[in-house]
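# An overview of the molecular structure
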Amino acid sequence: MNKEFICILCPNGCDIRVELKEGLIGNLDGALCKLGQEYVRQELFSPQRNIATSVKVEGGTLPLVSVRLTEAIPKERIFDVMDEIKKVKVTAPVATGQIIIPNVLGLGRDVIATKKVDRILNSPQS
Ligand code: SF4
């Protein structure tokens with residue numbers, strides 16, 4: 001069986017073709033460097049993904065703050081983590097890099113804010 005991948009690790013976007021023999025990688029070509037080989041190996045045997053989404057903010061100058069994971073997680077856990085993120089609401093102010101959910105679902109990754117959201121100042125004089 002043959003499979004094709006576009007390596008997303010750098011702007012070259014190498015088109016990598018892989019021949020699978022009994023579940024193992026046979027011929028692999030099209031990768032300009034070894035990172036592409038590792039990328040394909042991971043995609044085949046242990047795909048990982050990051051999440052970029054947003055969380056509700058109370059009392060902020062924006063209603064939402066963008067968040068991401070500190071590192072990618074196994075692809076099959078994406079929906080579980082999204083469910084955890086949906087439950088969360090933070091109170092402004094929020095700092096860039098602030099941990100929103102530590103060690104989400106025990107996966108060893110934190111959900112962190114990727115944007116700063118200031119607190120709304122209620123007083124018209126301030
Ligand atoms: S194989 Fe290497 S050169 Fe090609 S896209 Fe991946 S990282 Fe870039």
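Keep in mind that what you see is a predicted model, and the values were worked out from it rather than measured. Each chain has its residues counted from 1, following the order in which its sequence is written. Only residues with pLDDT of at least 70 are given local features in this predicted model, and only at 80 or more are side-chain atom pairs given and counted; all residues enter the totals for whole chains, interfaces and linings.

## With respect to the nonpolar core
The tendency in soluble globular proteins is for nonpolar side chains to be buried side by side. Note the following rule: By definition, a nonpolar core groups buried Ala, Val, Leu, Ile, Met, Phe, Trp, Tyr and Cys residues that are joined through C-beta atoms within 7 Å. With C-beta atoms placed from the backbone, a residue is buried if 20 or more other C-beta atoms are within 10 Å of its own, exposed if 12 or fewer are, and partly exposed between those counts. We count a stretch as a helix when DSSP gives it H or I for four or more residues in a row; a strand needs E for two or more, and each element gets its number in order from the N terminus. The contact criterion used is a C-beta to C-beta distance within 7 Å, with each C-beta placed from the backbone.
Core analysis: the biggest nonpolar cluster contains 13 residues, and Val 55, Val 57, Val 65, Val 67, Val 90 and Val 94 have the highest contact counts within it. Broken down by secondary-structure element, the contributors of at least two residues to this core are strand 5 (52-58), strand 6 (64-69) and strand 10 (111-113). For this core, the leading source of residues is strand 6, giving three residues. Residue contacts for Val 90: discarding those within four places in its chain leaves Val 55, Val 57, Val 65 and Ile 100. Counting residues in hydrophobic clusters, the runner-up holds seven residues, among them Cys 7, Val 18, Ala 31 and Tyr 39.

## A closer look at the domain arrangement of the chain
Note the following rule: An automatic or database domain assignment provides the domain bounds reported here.
Along its sequence, the chain is organised into domain 1 (2-46) and domain 2 (52-113). Taking only C-alpha atoms, the centre of domain 1 and the centre of domain 2 are 31 Å apart.

## A closer look at the pairing of strand 6
Worth spelling out the cut-off: Being paired, for any two strands, means DSSP has found at least two bridges between them.
The alternating pattern of strand 6 places Val 65, Val 67 and Leu 69 on a buried face, while none of Leu 64, Ser 66 and Arg 68, on the opposite face, is buried. The antiparallel pairing of strand 5 with strand 6 creates a hairpin that spans five residues between the two strands, and Gly 59 there sits at a positive phi of about 70 degrees. Pairing geometry for strand 6 and strand 10, over three bridges, is antiparallel. Bridge pairing in strand 10 links Leu 69 to Val 111.

## Description of helix 1 (residues 34-45)
Selection rule: Helices are assigned an expected span. That span is 1.5 Å times one less than the residue count. The arc in question is traced by the directions running from the helix axis to the C-beta atoms.
With twelve residues, helix 1 extends 17 Å between its outermost C-alpha atoms, agreeing within 8% with the 16 Å of an ideal straight helix rising 1.5 Å per residue. Within helix 1, the full set of buried residues consists of Gly 36, Tyr 39 and Val 40. All buried residues of helix 1 lie within an arc of 95 degrees about the axis, which places them on one face of the element. The exposed residues of helix 1 that point more than 90 degrees off its buried face are Lys 34, Gln 42 and Phe 45. Those residues of helix 1 hidden inside the fold are in contact with strand 1 (2-6), strand 2 (15-21) and strand 3 (24-29).

## Observations concerning the sheet that holds strand 3
Two pairing modes exist for strands in a sheet, parallel and antiparallel, and in both the strands are linked by backbone hydrogen bonds. Here is the rule: Note on definitions: angles span 0 to 180 degrees between N-to-C directions of axes, and those axes are lines fitted to C-alpha atoms, for helices only across the stretch in contact.
Spatially, 1-2-3 is the arrangement adopted by the three strands of the open sheet, whose pairing is antiparallel. Unpaired on one side and paired on the other, strand 1 and strand 3 mark the two borders of the sheet. Across the sheet, the mean angle separating the axes of adjacent strands is 30 degrees when strand polarity is ignored. One ladder, built from five bridges, connects strand 1 with strand 2; its direction is antiparallel. The partner of Ile 6 across the bridge, within strand 2, is Asp 15.

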